[in-house]
Amino acid sequence: MDSSDEYEETETAKCGNGDRIDMADKDTFLQIPENHKPRYNSLCSDDELLEEDLGYESVAPKRDSWIEDYTPFSSCQNSIYLPVTGHEPCIPKEDSDPQHTPVIKMGWLYKNPPQGSLIYQHRWVKLDADYLRYFDSEKDVYSKRIIPTSSITGVANVGDQKFEVVTHNRIFLFRAESDSERNEWVSVLQDFIGPARMRPGHELTLNPCVTSEIKGYLELRGLRSKLYTVVCGDKVFLYKNAEDYKMGIGITSIDMNVGNVKDMDKRAFDLTTPYRTFNFVAETDQLKEQWMEAMRDSIAEALSNYEVAEKIWAEPANQKCADCGTTKPEWAAINLGVVFCKRCAGEHRSLGPSISKVRSLKMDKKVWTDNLIQLFLVLGNERANQFWAANVPPSEALSPTSSSEERRRYIIAKYREGKYRRYHPLFGNQGELDNALCINVQSSDVCETLALVFCGADVNCETGVPDLPSPSVLAAFHGQNLQVEFLTLNRNTEIPRSETKVAMHPEHYIPLPSITHNGFLFKTASMARPITERKNKEEFSRRWCVLNDGQFNYYESDKNATPNGGLKMREIVCLVVNPPETHGYDHSFEIYSDAERLYLFGTDNPETMREWVKSIAKSFIPAYAEELLQQDFERIGRLRYKDPLNLESSRVGWFCLAASTLHVCLEDSHGQDSIDLQKLLELSRDSEVLVLVERGRTLYIEGERKLDFHGWVAAIQRAAGSSGDTLSQQQLTEGDIPVIVERCIHYITQYGLTSEGIYRKSGVNSKIAALLEAFRRDARSVWLKEGEQQVDDVTNVLKRFFRDIEEGLFSQEAPSWLSTTAVTDESKRISQYQHLFNSLPRVNKATLRTLVNHLYCVQRFAELNQMNLHNLAIVFGPTLFQTDGKDYNAGRVVEDLIQHYVIIFHVNQHQLKRQLDEITYIIKLRDNLNPKTGPASGDFICTVYLEEKKETAEQHVKIPATMTAAELTFEILDRRKMSVKEKDYWCCFEISEKEETERPLHYQERVLPIVHSLGVDSHLLVKKHYNMEAMLVYLASKVDMTKHGMLKFKEERSLLGLTTGSFNDRYFMLNHTSLRLYKDVRSNRPEKEWPVKCLKVYQGIKKKLRPPTCWGLTVVYESEKPEKQEKQQWYLCCDTQTEMREWFATFLSIQQSGQLWPAEWGKSRATSRSAPLDTRMGNVSLIPLRGNENEMRNSVAAFIADPLALLRNL
């Protein structure tokens, strides 16, 4: 498109007498066809060009793919052929101009020719108060050019019946038929533009009084360039480019009171009028929707009737939005009695008609009866807000510039929750509220009625008068028409949910929700199994989704009438919000149905997802569980549960998981209950029942449907575990102490307070690392038992936990604690410690108090354990402050805390004395039960072979009760001084020569029970496990730990009627709980089923059984029931070695919970042996444990006098 906006024909212009104007002979002249095509009443005809006007310098704007505001765009072509399609026949009438502004002057003029031509063009020109426009003919509706009179800066004669119209950025040249006609035009224009220039300055647009709704480039079909289009009030304006829009020089304007918007294919849509159809094409589907919505709003504006609005605005308070204060609000909630602006109206609609019945002041004229208008004049926004907004904090109040999210939060809080309302004195007393309502409706006080109804009074309550059974009938009898109007509008209104716990009767005012929502989402195919891998964008399809009247349907597009599929809200049992970027679309959610189907939806817009999740959740959650919707949940839905007092029958409950809290609404319960999952005493799963144990109560959650129940179990277990590396993210006790800290301290108090050098001696690093990892994985499932764990291992686990914890025990205030040691005055120093302690986070405070209490008790028994105040301080200073041991202030802080424990922590001395007495009693009791009779004598001597069974490879090893297979393997390798490479998987095997089988022991498996169970023909062998790497690779590629397939099966003794002399084909299914045997793949019921935990699987089958292949497994089943000892043995043959390896790997992985091989095998070997006793902690020497009293006293005195003196000797 060139720089002029003119739609001009390349025809030879004629003078008034019909003669052609003489033209110079130039190559650039356009040839004029002899037979002229008929003229159409449109912006252009098929042979028209958009040509350069003389004297106009084009501006090179920049075109953007989005809607823009005054953005210049790149230069266009010099001329464009315009489309022939889309023309409507003109309706002939006298002056068909749709503008209502009176015409000051009109007539025929010749306009200057396009650049490169001397042919003047005959144009019908009109001048009114706002614009100077010219058309092809006097019957045209849409102009060729529209010039705001406010942009005209001058008018001047230039001779030969010509005159110029000068604007801010260009000059238009016209020629009249005579000098007198020219003078008349010039005189009228000059008289008019004088006062026009004196008007107040404003932005130069075609409709400067109205702010544009949307503007940007649209393609008009048939053109080779795009037009800058502006939807402004009740009109649509077309410009050549953004620069012309700024200057106010347009092509034409379209009155939308005769317009209609029609959706077309792809990105196209039509704007039809009786005079022409405009075929527009947007740049994207999203922009198309925005343009269509804006044009429809413009049509609504054009058709609006301000009669009702003017009446409502007669009340001054109604001239501002009741929520944000925007002037001239055009919408209202007819049941709430408030008037609000367009932006707030969108948020009111999202509340649903059960809360806010939204109506327009300008378009819903039939709704606005005289009584309803009078009701809004009586109430008014000011009086209504004296109830609805009586307690709005300034920080939460809205303004006209508030964002959509701020409006949403405020409007939900104000009308759905009733957060800011003025509570009626009778609030909570249903009977008194109803009685007050029946009395008040007999008067004209509608404001009081509003307060009573929205504080819980039942608009349908019984009045006690048989002839006047309801409040509305009672009000009508007393002639209170406005009361009748208000009660009728609120007959089914949902009353705000209050956070105030008041005994109310919700059955009076909780109707079923009526939610409506629609929009585009991206959907995958529904499935009958959990989603275990990321879904890419290519796997999603765009669908138009509609939620209405309890039905959720999705369509191929918004034009289709028949849905592709759908769900009834009552069929939904669970709604899951996935973490961002879980799938190809950043934001996604899952819907589970009671038919065991899973539906996955996605979008890139977080706001869109939140709206859908909110609408869907509100649609299927019952009213009594609606409080759950206030949570920022990741999973919400229906499950069955059992009461511990009645385990025979289960009932339905509604559950909501938000972070680490499980919120619950149970049948027959009052309100919502919550369970802090990180503080559970126990979390276990038995088949399809999940058991949650808190102090004082137990909840049994039952799996009604496997698909969603497995998701609930995984999510609850994940939320109940440690969610991070800080103290507050650990699994906690009821007293906000990490479980690992409490259990370590409890074990040490029971079994270790008399251990000499406690907290000083090192343990076995491999055991320490394994125990610490077990605590981090699930501290709740770790129970420390005497004999299974050593005291030194547990003490080192506790120290390592505090050294590794993120942010440390003293959080960000650690430097302040260290600097407090410089305070010489003891009372001031203690006061500072107290201040710092009180400023710690909740969990840090509880943990520090518990730890210092424990250390205080340890040093009270220093005569037994040799760990006095100073030794503990030196050990724990660097640990708790996570330093390298060089800062002696760390030890001084710990020493001060222990020494002044009672004062700093405000300890009850009576309780402390009782605690110390209990510890003393425990020590005496253990001494009586376990007299010291020398070293333990229960170790077992066993012969273990390395790589093969021969005399030169045998090793005689003492097997203690706690030795694991990994420790035995390390012991053998260390004795032979064998190095281990990175990919060497050394393992201890149980070998049975009689059965010709072998079984690798799990690295954490206790060796002693295996040794006792070995037969005469069995032995232990340490060798490389050559299949381990392939097994680990296979398991890493599996999504779930299950396997199934055909195997050749033989029993040692026939239980199923099988022939003992041969192998038979059978179908096997292995999952995380059981191994099932089916006759064939089509069988529905298993012939046999064994629990996996009762199976031992060996590699190999003895040759005398004549197995069909050499790749077999021997499986041994031993019943757990002591009253019925049962042992079975059978054999499975696979077709390939790979198949056998996969079955064996799956068995082991299920039995060992996926921990087939330690993550850091090499490191654990290097640290498996117990380190020698070290008298140093970091770089600080410890005070000697042994020695006479003088030596001890001298060492302590030297440390107090100069703590750094010890470092100088290093």
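Computed from a prediction, not measured in an experiment: that's the story for all the values here. (Residues numbered from 1 in each chain as written. Predicted model: local features only at pLDDT ≥ 70, side-chain atom pairs only at ≥ 80, totals over all residues. Heavy atoms only, no water.)

Colleague: Now, about the sheet that holds strand E18 (residues 338-340): what can you tell me, with residues and values included?
Modeller: Across a sheet, paired strands are connected by hydrogen bonds in the backbone, their directions being either parallel or antiparallel. An order of E18-E17-E19 is seen for the three strands of this open sheet, with the pairing classed as antiparallel. Each having just a single partner strand, E18 and strand E19 (358-360) make up the two edges of the open sheet. Ignoring strand direction, the axes of neighbouring strands in this sheet form an average angle of 30 degrees. Helix H6 (residues 370-388) contacts strand E17 (331-333) and E18 of the sheet and is inclined by roughly 85 degrees relative to E18. (Pairing = 2+ DSSP bridges. Helix = DSSP H or I, 4+ residues; strand = E, 2+ residues; numbered from the N terminus. Axes fitted to C-alpha atoms, helices over the stretch in contact; angles between N-to-C directions. Contact = heavy atoms within 4.5 Å.)

Colleague: Quick rundown of the sheet that holds strand E8 (residues 162-167)? Include the residues and the values.
Modeller: Judged by pairing direction, the sheet is antiparallel, and its seven strands sit side by side in the order E6-E5-E4-E3-E9-E8-E7 without closing on themselves. Each having just a single partner strand, strand E6 (145-148) and strand E7 (152-159) make up the two edges of the open sheet. Put simply, the sheet's adjacent strands are angled 30 degrees from each other on average, direction ignored. Alignment of strand E4 (residues 121-128) against strand E5 (residues 131-135), held across four bridges, turns out to be antiparallel. Paired with Trp124 across the strands is Phe135, a residue of E5.

Colleague: Please give an account of the pattern of salt bridges that cites residues and values.
Modeller: Per the stated rule, a full pass over the model turns up 52 salt bridges. When the shortest N-O distance is used, the salt bridge between Arg408 and Glu347 registers 3.2 Å. With Arg408 in helix H7 (residues 404-416) and Glu347 in helix H5 (residues 342-351), the pair connects residues that are 61 residues apart, well separated along the chain. Each of the two residues, Arg408 as well as Glu347, counts as buried. Sharing partners across several salt bridges, the network here consists of Glu347, Glu405, Arg408, Arg409, Glu607, Arg610, Glu611 and Lys614. (Salt bridge = Lys/Arg side-chain N within 4 Å of Asp/Glu carboxyl O. Buried < 20%, exposed > 50% of the residue type's maximum accessible area, 1.4 Å probe, protein only.)

Colleague: For the packing of aromatic side chains, give the residues involved together with the corresponding values.
Modeller: With the rule as written, the count across this model stands at 39 aromatic pairs. Aromatic side chains Phe278 and Phe280 sit 6.2 Å apart centroid to centroid with 10 degrees between the ring planes, which places their arrangement in the stacked category. Phe280 shares its class with Phe278; the two are buried. Considering the side-chain rings of Tyr856 and Tyr901, the 5.2 Å spacing of their centres and the 35 degrees angle between planes classify their relative orientation as tilted. Taken together, the residues Tyr856 in helix H19 (residues 842-860) and Tyr901 in helix H23 (residues 901-904) connect sequence positions 45 residues apart. Relative accessible area serves as the criterion here: at 12%, Tyr856 is assigned to the buried category. (Phe/Tyr/Trp six-rings, centres within 6.5 Å; stacked < 30°, edge-to-face > 60°.)

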